[in-house]
Every structure is written in structure tokens, then in C-alpha cells.
Amino acid sequence: MPYPAKTSAEQILAAALALLEQRGRAGLTLRALATELNLTPNALYRYFPSREALLAAVATQGAALLFGDVRAALGDEPLSQPDAGLFELARRYLRFARQRPALYDLYMTCGSLSAEQRRSYDQLWQVVVRQLEPLAGPRSAEVAMTLWSYLHGLVGLERSGVYDVRDTAKPPENLEFGLGLLLAGLAVNSV
């Protein structure tokens, strides 16, 4: 008769995500995770053969969470008001990066994803490109990359302390200004 499992992949991922957000990437080790779950480290290898496999699974979960948030707000079809959709997409992306910095960092830097794990990343990309089609037409993928670069740059500037949204000497509406420039550029190039 088999013994009942003390854990599952879902429980491990939930604990790993909590540990990542408490201690950061360096603090998410198999030993620390096993301690959190009251297991031996060897018990985790049944589900994740290495720390890299665990990190990839957590990064994929981050991509799925961001995708779910964006999809809940925007849906799958292009919006009737694409400008408003662009601003909402940007706000949600920045909120995710600000509220879940360790998960965002892992999401952005985890390169050891399987094809199946990459699917969450690809789904998010496809939703963004579809949302931009009414604004950018056939160049929506290029505009999506420009938008992503801009948002990622804002996150990096905020984290480095170069740009602090609380600094009254710097414009607080940086996001709106940058997106306005992007929209103005699209309007000029569509003529």
C-alpha cells in the first residue's frame, strides 16, 4: 500500500513563491524550502530535480499571474478604446513589478524554461501584440517590444533610485508622458 504524499507540486510552488517574496532569489534554496514545508530536501527532488527547475517553475507561475491580471483587465480581443487599454496594460505591468519585485526579477531573468513553461510568456506577449494592433497595425510586435522596453526601463530606474515617483522635482506623470509620446509617434507614422 503506497504512503500518502506529504506534499504536492502545487504546495511546493506556493511555498516557494512565498519564500521568494520574503527572502528574494538568493533565499529560495531547496534546503530553505524543505524547512518551510517540514520536509527533507531530498523529498523536493521528486518534484523538482534541481534549484534551476524550481526557479523556472516559479518564474512560469509569475508569468501566468501577470498574464492573468492583464487578461482579466483587457480580455483577448482588441479594445474598442485602444489608448485606454494601453494605459491599463502599462499600469498593471508596473503594479506587478512594484508589488512583487522578487517575482518580477525572476520572471525577467529566468532563462532555463522548457517549451511548456515558455507558453505563459508567449501568451502574455500575444495578448499585448493583439491589444496594440488597432494602434500599430502590422508593426504591433515592434511597438510591443518598444512598450516592454520602456516599462522595464521605468522599473529599473525606480529601483535604482534614479527616478523616485515621490520626488517632487521630477515629473510624477512619467508613465503617461512616455505612453503619450508612443501614441503620438504611432499617429504620425500611420499617416
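Residues numbered from 1 in each chain as written. Predicted model: local features only at pLDDT ≥ 70, side-chain atom pairs only at ≥ 80, totals over all residues. Heavy atoms only, no water.

What's the story with the packing of aromatic side chains in this structure? I'm lost.
Two descriptors summarise a pair of aromatic rings, namely the distance from one centre to the other and the angle between the planes of the rings. Inspection of every chain in the model, using the stated rule, returns two aromatic pairs. Relative to Tyr-121, the ring of Tyr-107 lies with its centre 4.8 Å away and its plane at 20°, an arrangement referred to as stacked. Of this pair, Tyr-107 sits in helix 6 (residues 101-109) while Tyr-121 sits in helix 7 (residues 115-136), and the two are 14 residues apart along the sequence. The exposure class assigned to Tyr-107 is buried, which follows from its relative accessible area of 8%. Note on Tyr-121: relative accessible area 10%, which makes it buried. In this arrangement the basic side chain of Arg-118 is found over the ring face of Tyr-121, its NZ or CZ atom lying 5.0 Å from the centre. (Phe/Tyr/Trp six-rings, centres within 6.5 Å; stacked < 30°, edge-to-face > 60°. Helix = DSSP H or I, 4+ residues; strand = E, 2+ residues; numbered from the N terminus. Buried < 20%, exposed > 50% of the residue type's maximum accessible area, 1.4 Å probe, protein only. Lys NZ or Arg CZ within 6 Å of the ring centre and 35° of its normal.)

Sorry, what's going on with a nonpolar patch on the surface here?
Taken together, Trp-125, Met-145 and Trp-148 make up a surface patch of nonpolar side chains, about 280 Å² in accessible area. Structurally, the position occupied by Trp-148 is in helix 8 (residues 140-160). (Patch = residues over 30% accessible without salt bridge, like charges linked within 9 Å, V, L, I, M, F, W, Y side chains within 5 Å. Areas by Shrake-Rupley, 256 points an atom, 1.4 Å probe, with all protein chains shown as cover. Salt bridge = Lys/Arg side-chain N within 4 Å of Asp/Glu carboxyl O.)

Would you explain unusual backbone geometry in this entry?
Most peptide bonds take the trans form, and the phi angle of most residues other than glycine is negative. With phi around 60°, Asn-38 is a residue other than glycine that occupies positive phi space. As for its placement among the helices and strands, Asn-38 is situated in the loop between helix 2 (30-37) and helix 3 (41-44).

Just to check I follow, could you spell out the confidence of the model for the chain for this structure?
Any region with low pLDDT has predicted coordinates that should not be read closely. Averaged over every residue, the pLDDT of the chain is 84; the share at 70 or more is 88%. When pLDDT is averaged over each helix and strand of the chain, the minimum, 80, is found for helix 9 (residues 174-189) and the maximum, 94, for helix 1 (residues 9-27). (pLDDT = per-residue confidence, 0-100.)

What is the right way to look at the packing of helix 1 against helix 4 (residues 51-74) in this model?
When two helices pack together, their arrangement is captured by the angle between the axes and the distance separating the axes. Put simply, helix 1 and helix 4 touch, their axes get as near as 10 Å, and they point 95° apart. Classified by the interaxial angle, the pair formed by helix 1 and helix 4 is roughly perpendicular. Residues Ile-12, Leu-13, Ala-16, Leu-17, Leu-20, Arg-25 and Ala-26 of helix 1 touch helix 4, and the partners they reach there are Arg-51, Leu-54, Leu-55, Ala-57, Val-58, Gln-61 and Leu-65. Here the residues of the contact of helix 1 with helix 4 sort into 11 nonpolar, one polar and two charged. (Axes fitted to C-alpha atoms, helices over the stretch in contact; angles between N-to-C directions. Parallel < 35°, antiparallel > 145°, perpendicular 65-115°, else oblique. Contact = heavy atoms within 4.5 Å. Nonpolar A, V, L, I, M, F, W, Y, C, P; charged D, E, K, R; others polar.)

I'm lost on the packing of helix 4 against helix 7 in this one. Help?
Closest axis-to-axis distance for the helix 4/helix 7 pair is 8 Å, and the angle between their directions is 25°. Here helix 7 runs roughly parallel to helix 4, going by the angle between their axes. Crossing of helix 4 against helix 7: the hand is left-handed. Contacts from Ala-53, Ala-56, Ala-57, Ala-59, Thr-60, Ala-63, Ala-64, Leu-66, Phe-67, Val-70 and Leu-74 of helix 4 reach helix 7 at Gln-117, Ser-120, Tyr-121, Gln-123, Leu-124, Val-127 and Gln-131. (Left-handed = near helix turned anticlockwise from the far one by under 90°.)

Just to check I follow, could you spell out the environment of Leu-33 for this structure?
Summarising the element assignment, Leu-33 is placed in helix 2. With 21 residues separating them in the primary sequence, Leu-33 and Ile-12 have C-alpha atoms 7.8 Å apart. Excluding residues within four positions of it along the chain, Leu-33 makes contact with Ile-12, Ala-15, Ala-16, Leu-19, Leu-44 and Leu-54.

Could you clarify how one ought to interpret the pattern of salt bridges in this entry?
A side chain with one charge may pair with a side chain of the opposite charge, provided their charged atoms come close. The full count for this structure, using the stated rule, is nine salt bridges. With its nearest N and O atoms 3.5 Å apart, the salt bridge here joins Arg-23 to Glu-36. Placement of Arg-23 in helix 1 and of Glu-36 in helix 2 is noted, with a sequence separation of 13 residues between them. With relative accessibility at 44%, the residue Glu-36 sits in the partly exposed group. The closest approach of N and O atoms between Glu-88 and Arg-92, which form a salt bridge, is 2.7 Å. With Glu-88 and Arg-92 both in helix 5 (residues 82-99), this residue pair falls four residues apart, about one helical turn. A residue is classified by how much of its surface remains accessible, and Arg-92, at 17% relative accessible area, is buried. Among the charged side chains, a network of salt bridges with common partners joins Asp-69, Glu-88, Arg-91, Arg-92 and Arg-95.

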